[in-house]
Amino acid sequence: MDPNCAFDRVAVVGTGGYGWHFLCALLATKRLYVRAVTSATETDTQPGLAKQSGLVKQKRTDKQKRLAKLREMGAEIVEYSEATSEAFAAAFTGIHTVVSAVGLSGVTSQIAMIDGALATGVRWFIPSEFGVAHYASAWMPFPSPLAPKTDVDQYLREHAQPRGLAHTIIYTGLALDYLDPASIGLKLASRSATLVGRGGTPVSFTPAHNVVQLVCNIVQRPNEMINRTIRFAASTHKMRELIKVATNGEHGEHVKIVCVEEAKAKFCELAKRQDPRAFQIYSRLLIEEGLGQINHMNEPLDNAMFPDIDAEPVRTTLERLIENTHGEPHEQIKPTPAHRTSTAKSVTDGLGRRFRDLNL
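Bear in mind that the values here come from a model prediction, so they are computed numbers and not experimental data. (Residues numbered from 1 in each chain as written. Predicted model: local features only at pLDDT ≥ 70, side-chain atom pairs only at ≥ 80, totals over all residues. Heavy atoms only, no water.)

Please explain the sheet that holds strand 10 (residues 228–231) as it appears in this structure.
The pairing of strands in a sheet happens through backbone hydrogen bonds and is either parallel or antiparallel. On the basis of which strands lie adjacent, the open sheet formed by seven strands has the order 3-2-1-4-5-6-10 and parallel pairing. Looking at the sheet topology across the chains shown, the edges are occupied by strand 3 (76–80) and strand 10. Taking each pair of neighbouring strands and ignoring which way they run, the sheet shows an average axis angle of 20°. Relative to strand 4 (residues 97–100), strand 1 (residues 9–13) runs parallel, the two being bridged by four bridges. What sits directly across from V12, in strand 4, is V99. Relative to strand 6 (residues 166–171), helix 5 (residues 147–160) is tilted by about 150°, and along the sheet it contacts strand 5 (124–126), strand 6 and strand 10. (Pairing = 2+ DSSP bridges. Helix = DSSP H or I, 4+ residues; strand = E, 2+ residues; numbered from the N terminus. Axes fitted to C-alpha atoms, helices over the stretch in contact; angles between N-to-C directions. Contact = heavy atoms within 4.5 Å.)

Shown next as structure tokens:
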């Protein structure tokens, strides 16, 4: 790719969540032309909203306020009706760089975005879902919820890059102030926790504001960043270390420990019913398996490339969240033995009842 090509006309797909923050940060640079690309039917297609007309109306109102604010800040607004390559090609006309900020449920729509980007001459595509890479788990009887991320990454490398569309894959680990900490077992309101397994594997964390700074920084440095994977972690900790902070205790008095085998069985049961709670269990199993660390295969972190980012340690993020949480007293969880098959015993060593030995 010609290093002299311009990349300063940027489109961000998605105007809620990270999309809103990316747009605000990019507009604040005063150096870029910024376009917000958003679904015209976004609120109508959210699961569970069809029968909640009041909630749909409120979400539409909130979205219109966001769009009005973005226009006021200088962004162009483009809406698309269907997530097709043709619709995205029209939305990306005249754009050099596309930053996707769709959520996990929209990851597969990025294939159509890439095709649309190719059709209209976009030069650089940055896909969404900045957490962790997907690795297949041998115990899983069906594709994991993160499998579409691999499909998108492979499509970019094998299909788009040879046709002139550059990409940058970004991994930042978990953002505790963006996701619900309860999804990984940290119940801040009650200062209690649920731990799957031992909690001794490292996990990468980067708070949301550092993720926004990182993406904004990358977008402004195309010639250094294209066709590579960026791994940035503000800090790396084990779950048991976070549980000490979350529960304000050293010995696990307010920690429920679940055997890995039990968690796997529960995940499969919920996943077969397409119960959204399955993803929370999957997240905890992923962490226990060691896949929550973005460099678990000893890949180098790229933090040194971004000296202007003041990385916030996860302990600080967690303490900030606790300070802003007005909760009830500790849940009283009785220590009950885990179900111990021969496999489970080797994995948990009876941790479902030996709280003090964990030294949480």
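Could you clarify how one ought to interpret the nonpolar core in this entry?
Looking at soluble globular proteins, one finds that nonpolar side chains tend to be buried together. The biggest cluster of nonpolar side chains holds 45 residues, and the ones touching the most others in it are V13, F92, I114, L165 and F267. Leaving out residues up to four positions away in the same chain, L165 has contacts with I114, A117, L118, V122, R123, W124, F125 and A160. Grouped together as the second largest cluster of nonpolar side chains are 37 residues, A101, W124, I226 and F232 included. (Core = buried A, V, L, I, M, F, W, Y, C linked by side-chain atoms within 4.5 Å. Buried < 20%, exposed > 50% of the residue type's maximum accessible area, 1.4 Å probe, protein only.)

Just checking my understanding: could you explain the environment of I111 for this structure?
With respect to the helices and strands, the residue I111 is situated in helix 4 (residues 110–120). With a relative accessible area of 25%, I111 lands in the partly exposed category. Residues I111 and P127, 16 residues apart in the sequence, show an inter-C-alpha distance of 9.8 Å. For I111, the residues in contact, after removing those within four places along its chain, are D151, V152 and Y155.

Looking at this model, I keep getting lost on the environment of V152. Mind explaining?
You can see V152 is positioned in helix 5. Once the C-alpha coordinates of V152 and Q110 are considered, the two residues, 42 residues apart in sequence, prove to be 6.9 Å apart. Those residues in contact with V152, other than ones at most four positions away along the chain, are V107, Q110, I111, I114 and P127.

Looking at this structure, I do not really get the sheet that holds strand 12 (residues 255–258). What am I missing?
Spatially, 7-8-12 is the arrangement adopted by the three strands of the open sheet, whose pairing is mixed. Edge strands, defined here as strands with exactly one partner in the open sheet, are strand 7 (186–187) and strand 12. Of the strand pairs in this sheet, strand 8 (residues 192–196) and strand 12 are connected by four bridges, and their pairing is parallel. Residue pairing in the sheet places V196 in a bridge with V258 of strand 12. The sheet strands contacting helix 8 (residues 239–247) are strand 7, strand 8 and strand 12, and the helix crosses strand 8 at an angle near 165°.

Would you explain the pairing of strand 4 in this entry?
Remember that side chains alternate between the two faces of the sheet whenever the strand is regular. In strand 4, alternate side chains face the same way, and those of T97 and V99 on one face and V98 and S100 on the other are all buried. Summarising the sheet, strand 4 and strand 5 pair through three bridges and their orientation is parallel. Bridge pairing in strand 5 links T97 to W124. Crossover connection from strand 4 via helix 4 to parallel strand 5: handedness right-handed. (Right-handed = clockwise from strand over helix to strand, strands pointing away.)

Before we go on, may I ask you to explain the pattern of salt bridges in this structure?
For side chains of opposite charge, pairing can occur when their charged atoms come near one another. Tallied over the entire structure, the rule returns 13 salt bridges. Of the charged contacts, one joins E299 and R231 as a salt bridge, the two residues approaching to 3.7 Å between their closest N and O atoms. Linking E299 in the loop between helix 10 (277–288) and helix 11 (314–323) with R231 in strand 10, this pair joins segments that are 68 residues apart in sequence. For the pair E299 and R231, one class covers both residues: buried. Where salt bridges share partners, they join K266, E269, R273, D275 and R277 into one cluster. (Salt bridge = Lys/Arg side-chain N within 4 Å of Asp/Glu carboxyl O.)

How should I be thinking about the environment of S81 in this particular structure?
Among the secondary structure elements, S81 is positioned in the loop between strand 3 and helix 3 (85–91). By relative accessible area, S81 is classed as exposed at 56%. For the pair formed by S81 and T38, sequence separation is 43 residues and the distance between their alpha carbons is 8.9 Å. When near neighbours in sequence (up to four residues on either side) are disregarded, S81 contacts A40 and T41.

Worth remembering: the numbers are spatial, not functional.
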